[in-house]
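Secondary and tertiary structure notes
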2 protein chains.
Amino acid sequence: MINYPTPKKRPAERKVSVKNRGMRLEKLIDEANQYYLEHDLAVIHKKPTPLQVVGVSYPSRNKAKITEAYYRTPSTTDYNGIYKGAYIDFDVKENRTPSSFPLKNIQDHQIKHLDGVHHHGGVAFLLIHWHSDETVYLLGYEWLKHYLKRSETGRKSIRHDEIQSVGFAVKEGFAPRIDYLKAVDAYMEKDSSK
Amino acid sequence: MINYPTPKKRPAERKVSVKNRGMRLEKLIDEANQYYLEHDLAVIHKKPTPLQVVGVSYPSRNKAKITEAYYRTPSTTDYNGIYKGAYIDFDVKENRTPSSFPLKNIQDHQIKHLDGVHHHGGVAFLLIHWHSDETVYLLGYEWLKHYLKRSETGRKSIRHDEIQSVGFAVKEGFAPRIDYLKAVDAYMEKDSSK
């Protein structure tokens, strides 16, 4: 067994915790997207899971019941949409390793897709829920690319102090609880000031 | 029965026909998107159909078989992605009425979604395969909105001469057969020159 360092203590000022509420980040992101849509701030949706439908029956007129289907591997990330005129594309990750985020958590098709989006001028990133410090970090694609490059010859993960340094922490609030577009703002601002 | 006018004759110079090949426009758009992706021109994907999964069985380890699922109504259009830094969003329609395109072919959630995309600065449109003249037209959201507005008190469809005037005809070619990004170029150019 690996002897992980003791996780950092949760700051007292952070009242709402993703972890304590036992909700998966995806659900909170869906909630945020619903909020953004209703308040006319952005149009961002989760893509449905792709399924290969093999069998369908019609128990009643106009009602199709799928009787056999299988999960297919997606060719994109799970979330995309538009915000302030920009194409936004990201995936959501849960990280339960306190000391680092193992890069094997990211699938090849996701990397390829984010790379294409970034190349065509979109805003590509990961949202990583780091369970040990109960923080959600936005990690821009440029940095993800940097760490993937490093992993070819060295370390296969992103250290906690690295994500703290290069990531944008998503502040938790009331509505929406995970207001991740604020972190996108910070990221876009930094990006455009280069 | 409505006595439709005789459809216009197909121009002699157009060699490849969507109709004659008996392919649905969606399939040709998927083919075009694959081409754009492979040639690094754009990242545009069809969204999977949303399904509500009710029953799953595991006939073997690591293999999930869905035994009961139902189709759900999507909340967006079918296609989106990024092209030349712009957020692209559209839906595809088959129109078999020679004289006009009935607006009832567009669902409320699609209109609402395209309106949001347009509002946030995205490129929103329909691709309409007009069977009678074997042409695919790009109809920008502004014009769609105009005709929807008109339909509140008047005509509930877009006439053939109207789509010819305000739509951008997609030229058919070899690879991809439906090179719809050329029409998007023309549309974006017109849009930015306003």
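This text goes with the structure placed above it.
The model shown is predicted, which means the values in this text are computed figures rather than measured ones.

1. Considerations on the interface of chain A and chain B
- Listed by partner, the interface residues are 36 residues for chain A and 36 residues for chain B.
- Note on chain A versus chain B: buried area summed over both sides is about 3,000 Å², and carbon and sulfur give 66% of it.
- Area buried by chain A at its contact with chain B is led by A:Ile66, A:Tyr87 and A:His120, which between them contribute 22% of it.
- Summed over the shared surface of chain A and chain B, the result is 9 residue pairs in polar contact (both at pLDDT 80 or more).
- Every element with two or more residues in the side of chain A that touches chain B is listed here: β1 (43-46), β2 (51-60), β3 (63-71), β4 (79-83) and α2 (108-119) of chain A.

2. Observations concerning the sheet that holds strand β4 (residues 79-83) of chain B
Residue and element names in this part refer to chain B.
- Overall, mixed pairing links the 6 strands, which are arranged β1-β4-β5-β7-β8-β10 in an open sheet. What marks the edges here is a single partner per strand, and that holds for β1 (43-46) and β10 (168-170). Within the sheet, the average angular offset between the axes of one strand and its neighbour, ignoring direction, is 25°.
- With 3 bridges connecting them, strand β8 (residues 135-140) and β10 associate as antiparallel partners.

3. Side note on the relation of the copies chain A and chain B
- Under the fitted operation, chain A is carried onto chain B by 0.0 Å of movement along the axis and a turn of 180°, and the coordinates agree to an RMSD of 0.0 Å. Taken together, the rotation angle and the small translation identify this as a two-fold axis.

4. Observations concerning the sheet that holds β1(A)
All names here are of chain A.
- An order of β1-β4-β5-β7-β8-β10 is seen for the 6 strands of this open sheet, with the pairing classed as mixed. With partners counted over all chains shown, the strands left at the sheet margins are β1 and β10 (168-170), one partner each. Recorded for the sheet is a direction-independent mean angle of 25° between the axes of neighbouring strands.
- Along the sheet, α2 makes contact with β5 (86-95) and β7 (123-130), crossing β5 at roughly 150°.
- Its contacts with the sheet place helix α3 (residues 141-151) against β7 and β8 (135-140), and it is angled at close to 80° to β8.

5. Comments concerning helix α2 (residues 108-119) of chain B
- Taking 1.5 Å of rise per residue, 12 residues should cover 16 Å, and α2(B) covers 16 Å from first to last C-alpha, within 8% of that figure.
- The inward-facing, buried residues of α2(B) contact β1 and β4 of chain A together with β5 (86-95), β7 (123-130) and α3 (141-151) of chain B.
- Following α2(B) by one or two positions, B:Gly121 has its phi on the positive side, about 95°.

6. Looking at the nonpolar core
- Within the largest apolar cluster, 44 residues are counted, with the highest numbers of intra-cluster contacts made by A:Leu144 and B:Leu144.
- Excluding anything up to four places from it in sequence, A:Leu144 contacts A:Leu103, A:Ile106, A:Leu114, A:Leu126 and A:Leu139.

7. Looking at the packing of aromatic side chains
- Here the structure, examined in full by the defined rule, presents 19 aromatic pairs over all chains.
- On the basis of an interplanar angle of 70° and a centroid distance of 5.5 Å, the ring pair of A:Tyr36 and A:Tyr180 is categorised as edge-to-face. Here A:Tyr36 is found in helix α1 (residues 25-38), whereas its partner A:Tyr180 is found in helix α5 (residues 180-192), with 144 residues between them in sequence. Here A:Tyr36 and A:Tyr180 have matching classes, each one buried.
- The structure contains a cluster of three or more aromatic residues connected by ring pairs, namely A:Tyr35, A:Tyr36, A:Tyr79, A:Phe90, A:Phe125, A:Phe168, A:Tyr180 and A:Tyr187.
- One cation-aromatic arrangement involves A:Lys63 over B:Tyr70; the distance from NZ or CZ to the ring centre is 4.8 Å.

8. A closer look at the environment of A:Leu37
All names here are of chain A.
- Note on placement: Leu 37 falls in helix α1.
- Leu 37 sits in the partly exposed class, given a relative accessible area of 31%.
- Residues in contact with Leu 37, not counting those within four places in the same chain, are Ala 42, Val 43 and His 45.

9. Quick notes on the pattern of salt bridges
Residues and elements named next belong to chain A.
- Taken as a whole, this structure holds 18 salt bridges over all chains when the rule is applied.
- Lys 149 is the partner of Glu 152 in a salt bridge, and the nearest nitrogen-oxygen pair spans 3.6 Å. Across the pair, exposure class does not vary: Glu 152 and Lys 149 are exposed alike.
- The closest approach of N and O atoms between Glu 162 and Arg 159, which form a salt bridge, is 3.3 Å.
- Linked through salt bridges whose partners overlap, the residues forming this network are Arg 150, Arg 159, Asp 161 and Glu 162.

10. Structural notes on unusual backbone geometry
- Cis geometry marks the peptide bond from A:Ala175 to A:Pro176, where omega comes out at -10°.
- Relative to the assigned elements, A:Pro176 resides in the loop between β10 and α5.
- Of note, the phi angle at B:Asp40 is positive, near 60°, even though the residue is not glycine.
- You can see B:Asp40 is positioned in the loop between α1 (25-38) and β1.
- Phi angles above zero are rare outside glycine, and B:Lys84 is one such case at about 50°.
- Mapping B:Lys84 onto the fold places it in the loop between β4 and β5.

11. Concerning the pairing of β8(B)
- Burial analysis of β8(B) places 6 of its 6 residues in the buried class, which makes it a mostly covered element.
- Here β7(B) folds back onto β8(B) in antiparallel fashion, the turn holding 4 residues, of which B:Glu134 has a positive phi close to 50°.

12. Observations regarding the packing of α2(B) against α3(B)
Residue and element names in this part refer to chain B.
- It is at 10 Å that the axes of α2 and α3 come closest, and there the two elements cross at 130°. On the basis of the axis angle, α2 is oblique to α3. The two elements α2 and α3 cross, and the hand of that crossing is left-handed. Contact with α2, carried on its side by Ile 111, Leu 114, Asp 115 and His 118, involves Tyr 141, Glu 142, Leu 144, Lys 145 and Leu 148 of α3 and no other residues of that element.
- Residues belonging to the contact of α2 with α3 are distributed by class as follows: 5 nonpolar, 1 polar and 3 charged.

Reading the values: the criteria
- Residues numbered from 1 in each chain as written.
- Chains lettered and ligands numbered in written order.
- Predicted model: local features only at pLDDT ≥ 70, side-chain atom pairs only at ≥ 80, totals over all residues.
- Heavy atoms only, no water.
- Contact = heavy atoms within 4.5 Å.
- Buried area = accessible area lost by both parts, 1.4 Å probe.
- Polar contact = N/O pair within 3.5 Å; in protein donor to acceptor, adjacent residues only side chain to side chain.
- Helix = DSSP H or I, 4+ residues; strand = E, 2+ residues; numbered from the N terminus.
- Pairing = 2+ DSSP bridges.
- Axes fitted to C-alpha atoms, helices over the stretch in contact; angles between N-to-C directions.
- Least-squares fit on C-alpha atoms with pLDDT ≥ 70 in both.
- Expected span 1.5 Å × (residues − 1).
- Core = buried A, V, L, I, M, F, W, Y, C linked by side-chain atoms within 4.5 Å.
- Buried < 20%, exposed > 50% of the residue type's maximum accessible area, 1.4 Å probe, protein only.
- Phe/Tyr/Trp six-rings, centres within 6.5 Å; stacked < 30°, edge-to-face > 60°.
- Lys NZ or Arg CZ within 6 Å of the ring centre and 35° of its normal.
- Salt bridge = Lys/Arg side-chain N within 4 Å of Asp/Glu carboxyl O.
- Parallel < 35°, antiparallel > 145°, perpendicular 65-115°, else oblique.
- Left-handed = near helix turned anticlockwise from the far one by under 90°.
- Nonpolar A, V, L, I, M, F, W, Y, C, P; charged D, E, K, R; others polar.

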